[in-house]
Structure formats: structure tokens, C-alpha cells
2 protein chains.
Amino acid sequence: MDSKTKYHHGDLRKALIEAGVSLLQEEDASELTLRRVAREAKVSHMAPYRHFADKNALLAAIAVEGFQILGEQIKEEIHANRSDPRQMIDHVCLAYVKFGIEHPAHLTLMFSGLLSTGSSDELNLAAQKTLSLLKQTVKHAQKENLLKSVDGTQMAKSIWSMVHGLAMLMKEGLLLSEDGAQFEPIVRQSIDHLLNGIKS
Amino acid sequence: MDSKTKYHHGDLRKALIEAGVSLLQEEDASELTLRRVAREAKVSHMAPYRHFADKNALLAAIAVEGFQILGEQIKEEIHANRSDPRQMIDHVCLAYVKFGIEHPAHLTLMFSGLLSTGSSDELNLAAQKTLSLLKQTVKHAQKENLLKSVDGTQMAKSIWSMVHGLAMLMKEGLLLSEDGAQFEPIVRQSIDHLLNGIKS
DNA sequence: ACCTGAACACCGTTCAAGT
DNA sequence: ACCTGAACACCGTTCAAGT
């Protein structure tokens, strides 16, 4: 249809990202191979280089997509819970953990060192944008007098660390000892502990 | 000297683990190659197979070493703070985060999916042993009436998630915005928030 | 412009030998 | 027992062509 479809694809870039994610869902990250991604997208093993500088650039693109997806989910919860700052915090945190469970490959890539080594400005920007939504949530709760009015930055770091730890450990299946266990109660209780304290 | 040193090494297994860790300190995990490890240990590229079934087994051995080191550090803090359960929690958590900062390669490997995929019984056992020390710390604090007496398992999960998130994000350099920033105050404050609450 | 195929240096792993 | 070297199928990446 499209004149861009003269060759195999209209949007090979997107197809390659999807193929990469699809491979990561089935196998270990060490199994993800640029050549296999190309095969999965029915394209020669050199075609990806038209869209990505190297293998790392493809991985970074997947990570960027992850931050975008996570950002969307968080935004939804922010808007859906404007009236209740406590519920807003709960649902934003639940969305973060849920994202990790539903997109483990993305989460792994998002925090696998590609960030700190600063391989891509686009990745750093995407990360920063998404994480600022967490800060925004904390600020909103402070404005509504839900949280103590001191040290908002530190509070955001504590909440982020808590929810990030929950997401990482959940993703690895290390927090759900029983088989039918759900993640929501553990997350809710952890947030509750963080807000109300667990000291006697 | 030793009759075992007839060939190149008295303890090639240990030398290979050290070589692997050394490579991981300098470069990305994707750069770690069984052949390079062998080269680093001044040994042919096939020698490692006498000690490890495959590349994954070497990585698992490094992860096991990580759990052992972390376990030692936590044990030290448990014993050094027997008299004050609150200080015990603080110092155990600080030790966890400090471990991640000092041994980022180990931490990455320890929670990189080798666990849940259950590649090695030895690894699972090492992880379980180390993590039981965290539970032990929480139980001790409960016995001393520092923590609420309900739901000790959930409390342990919350504390573990918090400290694990701190360690992972610290390791990635995502929590220390300023250059000269120290990790201790952030960890102490986060633990304080978790114990005392951050609700107004 | 976008895709392909041959080529190069490298990898993990197997196999058959060497001491 | 422990180590080595050749060999195989695979990788990431470069280069020179094809349409």
C-alpha cells in the first residue's frame, strides 16, 4: 500500500523492536542476538544496521519503549486518582510493580547499566521523564498534606527505592512464596508500612 | 611447591572466579567471555571446562561467592549490634547497600535471573541462607519489641524490598545526584521512614 | 534509500590427543 | 587427572554490491 513498503517493511525499526521484545519474553537476555532479531523480522542480518548503530542501540530502544510504557501507566493512575493523594500513591506504586511483572524484559533492560554508562541521550531523557512522574506524585501528596512537609526529595527516593525493590524482586519471583499469591497485598502493605511506620 | 601445582595452578577454579570478577569490574557483563577469563588466568580456552560445566556455571559460582560475601558482612553487623535492635537493622541495611556499591558485578549477577530459572541448587541454597539473615534480623527486632508484632514475614519483605531497591539504584548511580553525595544518609533516612512512617 | 552476501575476528562447546 | 589444539556452528560488525 504505502510507498515505503517497496522492500519488506513499512516500519522495520518498530518491527525489530517488537521482534527483540518477543525474543526476550521467551529466552534469556544472553540469547538475544542481532542476527536472530533480524531473522525473526524476516530480514537479512545486516538490515538492522539501517536503523540502529549497533546491538546496544537496539537494546537502548527497547529500554526507551519500556520507560514510555511505564510512564503511560503511571500517568493514567495519576489522573484517575487526582482526588485522593493516598490512593494516588498506592496506584502509582502498583502500576510500577505491575509493569515489572508484565514486562520483565523491559524492566531488566531499563536498569541494566545502559543508563549509568550513558550510552544514549534519548534513553537518559526517557528515564528522567518517567521518573519525574514519581516525584510529581510525592509533591502532590505533600501539597495535600498527606506527607510530612520536610525533605520531599528524600521521600521520593525512599518511595522509589521501595517500589523498585518490590518490582525487581517480584519479577524474579522471590517475594511470592506461595503459588497462587498475588502481588497487590504485598505492595499495598509495604507502602502502608512506609507511610505509617512499622515501629511499635 | 604443592604437588597440585604440577600444571599451571594449585586452584584454577578459584583463579577463574577471580579472573571473572576482575573482568566484570572493568567492563560490561556482555564483555565477559569464557575465553577471556581463561586468557586472564593464563590457561587454554578449554581448561575452565574441567571446573565448570559451562559459562553459566562460572557465572553462578560468582553469584554464590557474592551471597557468601554479603552473608559475612551481614553476620558481622548482627553480632556487632546484638544489644540494640534498631542499630542492628540500620547496620544490616547499610551493609547490604554497601555491598552493592563495592561489588556491583556480584550484585548484578546475584539477581540477574539465574536464581528464578533455578540453574543451580548451590546458588539457590546460598541465596536462601543469606536472605534468612535478613529475616533473622527482623525477628530479633520483634522479640525486642522494636517492631509491631504482626505479620513478621510481610515486614521482612518490605525491609528487603526497600534495601534491595536502594542497593540496585545506588549501584546504578541513580540516587546520588550530587557528586560528593554519600549513601549512608539516604539509606538511614529511608529505613527511618519505613520504621516511623512518612505520613504527616 | 534500503537491502543483501561474502568476509573477518571472535565466541561457546565438542572431540580427539597430549603429558 | 589436567591441559591443549583443531574444528564447528554461531556472533557482531565492516565492506562492496545489488535494486
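Nothing here was measured: the structure is a model prediction, and the numbers come from that model.

Conventions adopted
- By convention here, each chain's residues receive numbers from 1 onward along its written sequence.
- For this description, chains carry letters from A and ligands carry numbers from 1, given in the order in which they are written.
- Since the coordinates come from a predicted model, pLDDT governs what is reported: local features require at least 70, and pairs of side-chain atoms require 80 or more to be given and counted, while whole-chain, interface and lining totals use all residues.
- Excluding hydrogens and water, the side-chain figures rest on all heavy atoms present in the structure.
- Helix numbers and strand numbers start at the N terminus; a helix is a DSSP run of H or I with at least 4 residues, a strand a run of E with at least 2.
- Under the scheme applied here, a residue whose accessible area is under 20% of the maximum for its type counts as buried, over 50% as exposed, and between as partly exposed, the area being computed with a 1.4 Å probe on protein chains only.
- By the convention used here, residues are in contact when the closest approach between their heavy atoms is within 4.5 Å.
- Here the open area of atoms and residues is found with the Shrake-Rupley method and a 1.4 Å probe, where only the protein chains shown may cover a residue.
- Any residue with at least one heavy atom within 4 Å of a molecule or strand is counted as near it.
- By the criterion applied in these results, polar contacts are pairs of N or O atoms within 3.5 Å in which, for protein atoms, one can donate a hydrogen and the other can accept it, and in which residues neighboring in sequence qualify only through two side-chain atoms.
- Ten residue types, Ala, Val, Leu, Ile, Met, Phe, Trp, Tyr, Cys and Pro, are classed as nonpolar, four, Asp, Glu, Lys and Arg, as charged, and the remainder, Gly among them, as polar.
- Between N-to-C directions, angles span 0 to 180 degrees; the directions come from axes that are lines fitted to C-alpha atoms, helices contributing only their stretch in contact.
- Under this scheme an angle from 65 to 115 degrees is roughly perpendicular, one under 35 degrees roughly parallel, and one over 145 degrees roughly antiparallel; angles in between are oblique.
- Crossing handedness: left-handed means the near helix sits turned counterclockwise from the far one by under a right angle, and right-handed means the same turn made clockwise.
- We superpose the copies by least squares over the C-alpha atoms of residues that have a pLDDT of at least 70 in both of them.
- Accessible area that two parts lose when put together, evaluated with a 1.4 Å probe and summed over both, is termed the buried area.
- Salt bridges are identified by distance alone: a Lys or Arg side-chain nitrogen within 4 Å of an Asp or Glu carboxyl oxygen.
- Domain borders in the structure are assigned automatically or taken from a domain database.

A few words now on the overall build of chain A. Secondary structure summary: chain A contains eight helices and zero strands in total. Counting from the amino terminus, chain A carries its helices and strands in the arrangement α-α-α-α-α-α-α-α. With the C-alpha coordinates of chain A rotated into their principal frame, the extents come out at 65 × 35 × 35 Å. When burial is assessed residue by residue, chain A has 50% of its 200 residues classed as buried. Contacts in chain A between residues far apart in sequence, at least 24 positions, make up 65% of those at least 6 positions apart. Summed over all atoms, the accessible surface of chain A reaches about 10,100 Å², with 48% contributed by carbon and sulfur.

Among the 21 residues in the neighbourhood of DNA strand D, the closest are listed as Leu34(A), Arg35(A), Arg39(A), Met46(A) and Ser44(B). Put simply, 53% of the atoms of DNA strand D that lie within 4 Å of the protein are in sugar or phosphate. In this structure, a base oxygen belonging to DNA strand D sits 3.3 Å away from a side-chain N or O atom of His45(A). Here Ser44(B) contributes a backbone N or O atom positioned 2.6 Å from a phosphate oxygen of DNA strand D. If one sorts the elements of the surface near DNA strand D by residue count, helix H2 (residues 34-40) of chain A sits on top with four residues. Per-class residue counts for the surface near DNA strand D are eight nonpolar, six polar and seven charged.

Residues and elements named next belong to chain A. For the pair helix H4 (residues 85-102) and helix H6 (residues 121-143), the least separation of the axes is 9 Å and the interaxial angle reads 165 degrees. By the criterion of interaxial angle, the relationship of H4 to H6 is roughly antiparallel. Considering only the axes of H4 and H6, their crossing is left-handed. Judged by residue contacts, Pro85, Met88, Ile89, Val92 and Tyr96 of H4 engage Leu134, Thr137, His140 and Ala141 from H6. Classifying every residue of the contact of H4 with H6 by side-chain character gives seven nonpolar, two polar and no charged.

Glancing now at the protein's contact with DNA strand C. Every one of the 20 residues lining DNA strand C counts as a neighbour, but Ser44(A), Leu34(B), Arg35(B), Arg39(B) and Met46(B) are closest to it. Here the atoms of DNA strand C within 4 Å of the protein split so that 52% fall in sugar or phosphate, with bases taking the remainder. The separation between a phosphate oxygen of DNA strand C and a polar side-chain atom of Arg39(B) is 2.7 Å. When residues in the surface near DNA strand C are grouped by element, the largest group, four residues, is from helix H2 (residues 34-40) of chain B. Of the residues that constitute the surface near DNA strand C, the class distribution is eight nonpolar, six polar and six charged.

On to the relation of the copies chain B and chain A, then. Structural alignment of chain B on chain A gives an RMSD of 0.0 Å, achieved by rotating through 180 degrees and translating 0.0 Å along the axis. The transformation relating the two chain copies, once decomposed into turn and shift, fits a two-fold axis. Take the interface residues of chain B: 100% of them recur as interface residues in chain A, which is what a same-surface contact looks like.

This part covers the interface of chain B and chain A. Chain B puts 39 residues into the contact, and the matching count from chain A is 39 residues. Each partner contributes to the roughly 3,800 Å² buried at the junction of chain B and chain A, and carbon and sulfur atoms together form 59% of this total. Counting the contacts that link chain B with chain A gives zero salt bridges. Joining chain B to chain A, the criterion identifies 12 residue pairs in polar contact (both at pLDDT 80 or more).

Before going further, it helps to spend a moment on the domain arrangement of chain A. Residues and elements named next belong to chain A. Parsing chain A into structural domains produces domain 1 (1-52) and domain 2 (62-198). In this structure, domain 1 and domain 2 have C-alpha centres spaced 30 Å apart. With four residues of domain 1 in contact, the opposing surface of domain 2 contributes five residues. Both sides of the domain 1 and domain 2 interface together cover about 460 Å² of buried area, and 82% of this is carbon and sulfur. Together, Ile17, Val21 and Leu24 form the three largest contributors to the area buried by domain 1 at its contact with domain 2, with a combined 75%. On inspection of domain 1 and its partner domain 2, the count reaches zero salt bridges. Between domain 1 and domain 2 we count zero residue pairs in polar contact (both at pLDDT 80 or more) in total. Considered class by class, the residues forming the side of domain 1 that touches domain 2 number three nonpolar, one polar and no charged.

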